[in-house]
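Chains, contacts and geometry: an overview
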2 protein chains.
Amino acid sequence: MTEKPRPLRADAARNRARVLQVAYETFAEEGAAVPIDEIARRAGVGAGTIYRHFPTKESLFRAIVADRLRQVVERTREQAAVDPGEGLYAFLVHMAEQGATDLGLTEAFAGIGFDLAEALPDVEKEFTGLMADILAQAQRAGTVRSDVDVADIKTLIVGLQAMRRFRGDSELMHRVYPVIRAGLAAPPD
Amino acid sequence: MTEKPRPLRADAARNRARVLQVAYETFAEEGAAVPIDEIARRAGVGAGTIYRHFPTKESLFRAIVADRLRQVVERTREQAAVDPGEGLYAFLVHMAEQGATDLGLTEAFAGIGFDLAEALPDVEKEFTGLMADILAQAQRAGTVRSDVDVADIKTLIVGLQAMRRFRGDSELMHRVYPVIRAGLAAPPD
DNA sequence: ATATAAACGGAACGATCGCTCCGATTATAT
DNA sequence: ATATAATCGGAGCGATCGTTCCGTTTATAT
């Protein structure tokens with residue numbers, strides 16, 4: 001059933017990898033609205049070359065976001081294994097800092113012009129599962145109140161990323177994080 | 001020194017008022033990126049008529065934001081006078097709910113394509129003064145921890161509006177508000 | 001009622017952007 | 001070395017949007 005895709009020509013494979021790398025950096029810096037021509041220019045290829053590998057701009061963005069989220073999952077699982085009680089807080093801070101370093105990811109997570117659950121259902125499920133796991137872990141460790149669920153965590157991340165991107169430098173955010181932390185650690189009403 | 005501006009013709013005054021009203025609603029619904037032609041269509045005028053009263057789209061947006069922020073200041077001062085300890089929390093919830101009802105204001109406050117302090121320095125100062133007053137009031141009443149300042153409050157508002165707009169329905173946000181509240185009420189570390 | 005000038009609407013201009021197309025180039029098999 | 005086909009770059013198409021322009025309409029003063 002599966003067609004065997006004949007291997008890419010050497011120059012095509014090189015260009016594809018270069019486009020992915022440059023798109024990764026460019027979407028992070030400029031967000032999903034950056035023109036394809038800008039990515040092409042930075043990669044030193046023509047726009048046609050990008051469209052030969054990715055049929056639409058959205059499909060390129062999707063590939064980048066999927067890769068990025070899988071990196072976060074891996075990193076977070078490692079950290080959470082080391083310190084169960086702190087895993088969720090470290091994850092929240094890490095996601096918040098993405099607001100400063102990766103605008104594309106921040107937009108994707110907020111759902112700005114991009115429906116994560118619709119475009120990448122598998123990745124979204126994996127990511128939601130991760131959050132459920134480290135939240136439950138923190139609640140078992142007693143560092144997070146029991147009446148908080150995964151939807152609350154997703155919502156907080158959207159807020160934290162917006163704060164980091166649109167208002168807060170690193171110093172200011174490190175005064176905000178303890179407030180969020182105290183709120184999450186407080187006993188239920 | 002001041003030139004006396006001769007009064008507008010009756011139809012011009014009517015159109016100007018109608019454009020303002022429609023722009024108010026349209027920016028709230030669609031955000032600052034809505035095409036001018038859409039506002040013109042809804043107002044039943046030509047694009048030229050809008051540009052006769054407001055030299056650029058940005059100047060129209062600025063007029064709307066200024067008006068909107070002054071309304072919030074007035075409303076908040078009244079509320080804060082009634083209940084000093086709750087004034088800040090009521091203000092935060094009100095601003096958060098703007099995330100759902102007024103996209104234009106949310107964008108302006110986050111600084112998305114619009115620098116509030118640069119475009120409307122007087123309004124921005126008034127608004128910052130308001131926040132300083134009700135924060136100090138709450139801290140005096142003992143409902144907010146002492147190590148929080150106005151910059152933190154501005155940052156929290158950006159985050160809360162993003163949460164409300166991009167993730168949270170009203171029910172979910174009413175589970176998030178108590179977390180923020182608990183974080184702000186907690187004693188300093 | 002008429003003259004005057006203010007105001008009107010919407011066509012059109014120039015810039016931007018996603019995407020397609022095609023003549024020129026280049027990797028690869030022989 | 002040559003033939004073949006994959007790949008390339010970038011000009012160009014069509015759509016969108018801010019803004020301007022101008023022939024027509026309309027309010028107002030007389």
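In case you missed it, the structure is sitting above this.
Keep in mind the model is a prediction, meaning the values are calculated, not measured.

Looking now at the interface of chain A and chain B. On the side of chain B, 29 residues touch chain A, which itself brings 29 residues to the contact. Taking both partners together, chain A and chain B bury about 2400 Å²; carbon and sulfur atoms supply 70% of that area. Among the residues of chain A in contact with chain B, Thr155, Arg167 and Val179 of chain A are the three that bury the most area, contributing 24% of the side total. Where chain A meets chain B, there are four salt bridges. Ionic pairing is found between Arg175 of chain A and Asp149 of chain B, a salt bridge with its closest N-O pair at 2.7 Å. Scanning the region where chain A abuts chain B turns up four residue pairs in polar contact (both at pLDDT 80 or more).

With respect to spatial proximity, 22 residues lie near DNA strand C, and among them Lys57 of chain A together with Arg9, Asn15, Thr49 and Arg52 of chain B are the closest. Counting only the atoms of DNA strand C within 4 Å of the protein, the fraction contributed by sugar and phosphate is 75%. The contact in question runs from a base nitrogen of DNA strand C to an N or O atom on the side chain of Arg9 of chain B, over 2.5 Å. Residue Arg52 of chain B places a side-chain N or O atom 2.5 Å away from a phosphate oxygen belonging to DNA strand C. Among the elements of the structure, helix 1 (10-30) of chain A together with helix 1 (10-30) and helix 3 (47-53) of chain B are those that each provide at least two residues to the surface near DNA strand C. Considering each element in turn, the surface near DNA strand C owes the most residues, four residues, to helix 3 of chain B.

Let's shift gears to the protein's contact with DNA strand D. The environment of DNA strand D is made up of 23 residues, and the closest members are Arg9, Asn15, Thr49 and Arg52 of chain A together with Lys57 of chain B. Sugar plus phosphate: this is where 72% of the atoms of DNA strand D within 4 Å of the protein reside. One nitrogen or oxygen atom from the main chain of Ala10 of chain B is found 3.2 Å from a phosphate oxygen belonging to DNA strand D. Here a phosphate oxygen of DNA strand D and a backbone polar atom of Ile36 of chain B are 3.0 Å apart. Among the elements of the structure, helix 1 and helix 3 (47-53) of chain A together with helix 1 of chain B are those that each provide at least two residues to the surface near DNA strand D. The greatest single-element share of the surface near DNA strand D, amounting to five residues, is contributed by helix 3 of chain A. The class makeup of the residues in the surface near DNA strand D is nine nonpolar, seven polar and seven charged.

On inspection of all chains with the given rule, the structure shows eight aromatic pairs over all chains. Ring plane angle 50° and centroid distance 5.9 Å describe the contact between Phe91 of chain A and Phe127 of chain A, whose orientation is recorded as tilted. With a gap of 36 residues between them, Phe91 of chain A in helix 5 (residues 84-101) and Phe127 of chain A in helix 8 (residues 121-141) connect regions that are remote in the sequence. Judged by relative accessible area, which is 2%, Phe91 of chain A ranks as buried. Between the aromatic rings of Phe61 of chain B and Phe114 of chain B, the centroid separation amounts to 5.2 Å while the plane-to-plane angle is 90°, which identifies the pairing as edge-to-face. A residue pair is termed long-range when its members are at least 10 positions apart, and Phe61 of chain B in helix 4 (residues 57-82) and Phe114 of chain B in the loop between helix 6 (103-110) and helix 7 (116-119) qualify at 53 residues. Residue class for Phe61 of chain B comes out buried when judged on its relative accessible area of 5%. Ring pairs connect the aromatic residues Phe27, Phe61 and Phe114 of chain A, which therefore count as one cluster.

In terms of nonpolar packing, the biggest core is built from 116 residues, with Leu60, Phe91 and Phe127 of chain A together with Leu60, Phe91 and Phe127 of chain B touching the most fellow members. If sequence neighbours within four positions are ignored, Leu60 of chain A has contacts with Val19, Leu20, Ala23, Phe27, Ile36, Ile39, Ile50 and Phe54 of chain A.

This part is about helix 6 of chain B. Residues and elements named next belong to chain B. Within helix 6, eight of the eight residues are buried, which leaves the element mostly enclosed by the surrounding structure. Leu103, Gly104, Leu105, Thr106, Glu107, Ala108, Phe109 and Ala110 are the residues of helix 6 that are buried. For helix 6, the N-terminal capping position is held by Asp102, with its side-chain oxygen 3.3 Å away from the main-chain nitrogen of Gly104. Gly111 lies just past helix 6 and shows a positive phi near 85°.

Before going further, it helps to examine helix 2 (residues 36-43) of chain B. All names here are of chain B. Within the sequence span of helix 2, burial applies to Ile36, Ile39, Ala40 and Ala43. With its buried residues spanning 100° around the axis, helix 2 presents them on a single face. Away from its buried face, by an angle of more than 90 degrees, helix 2 presents the exposed residues Asp37 and Arg41. Tucked inside the fold, the buried residues of helix 2 contact helix 1, helix 3 and helix 4. At the C-terminal side of helix 2, Gly44 shows a positive phi close to 70°.

Between chain A and chain B, which share one sequence, the superposing operator has a rotation angle of 180° and an axial displacement of 0.0 Å; the RMSD is 0.0 Å. Both chain copies can therefore be described as sitting about a two-fold axis.

With that settled, consider the packing of helix 5 of chain A against helix 9 (residues 150-166) of chain A. All names here are of chain A. Between helix 5 and helix 9, whose axes approach to 7 Å, the crossing angle comes to 40°. With respect to their mutual orientation, helix 5 and helix 9 come out oblique. The handedness of the crossing between helix 5 and helix 9 comes out as right-handed. Contacts between helix 5 and helix 9 involve Leu88, Phe91, Leu92, Met95, Ala96, Glu97, Gln98, Gly99 and Ala100 on the former and, on the latter, Ile153, Ile157, Leu160, Gln161, Arg164 and Arg165. Of the residues that constitute the contact of helix 5 with helix 9, the class distribution is nine nonpolar, three polar and three charged.

Parameters at a glance
- Residues numbered from 1 in each chain as written.
- Chains lettered and ligands numbered in written order.
- Predicted model: local features only at pLDDT ≥ 70, side-chain atom pairs only at ≥ 80, totals over all residues.
- Heavy atoms only, no water.
- Contact = heavy atoms within 4.5 Å.
- Buried area = accessible area lost by both parts, 1.4 Å probe.
- Salt bridge = Lys/Arg side-chain N within 4 Å of Asp/Glu carboxyl O.
- Polar contact = N/O pair within 3.5 Å; in protein donor to acceptor, adjacent residues only side chain to side chain.
- Near = heavy atom within 4 Å.
- Helix = DSSP H or I, 4+ residues; strand = E, 2+ residues; numbered from the N terminus.
- Nonpolar A, V, L, I, M, F, W, Y, C, P; charged D, E, K, R; others polar.
- Phe/Tyr/Trp six-rings, centres within 6.5 Å; stacked < 30°, edge-to-face > 60°.
- Buried < 20%, exposed > 50% of the residue type's maximum accessible area, 1.4 Å probe, protein only.
- Core = buried A, V, L, I, M, F, W, Y, C linked by side-chain atoms within 4.5 Å.
- Arc of directions from axis to C-beta.
- Least-squares fit on C-alpha atoms with pLDDT ≥ 70 in both.
- Axes fitted to C-alpha atoms, helices over the stretch in contact; angles between N-to-C directions.
- Parallel < 35°, antiparallel > 145°, perpendicular 65-115°, else oblique.
- Left-handed = near helix turned anticlockwise from the far one by under 90°.

In short, geometric facts, not functional conclusions.
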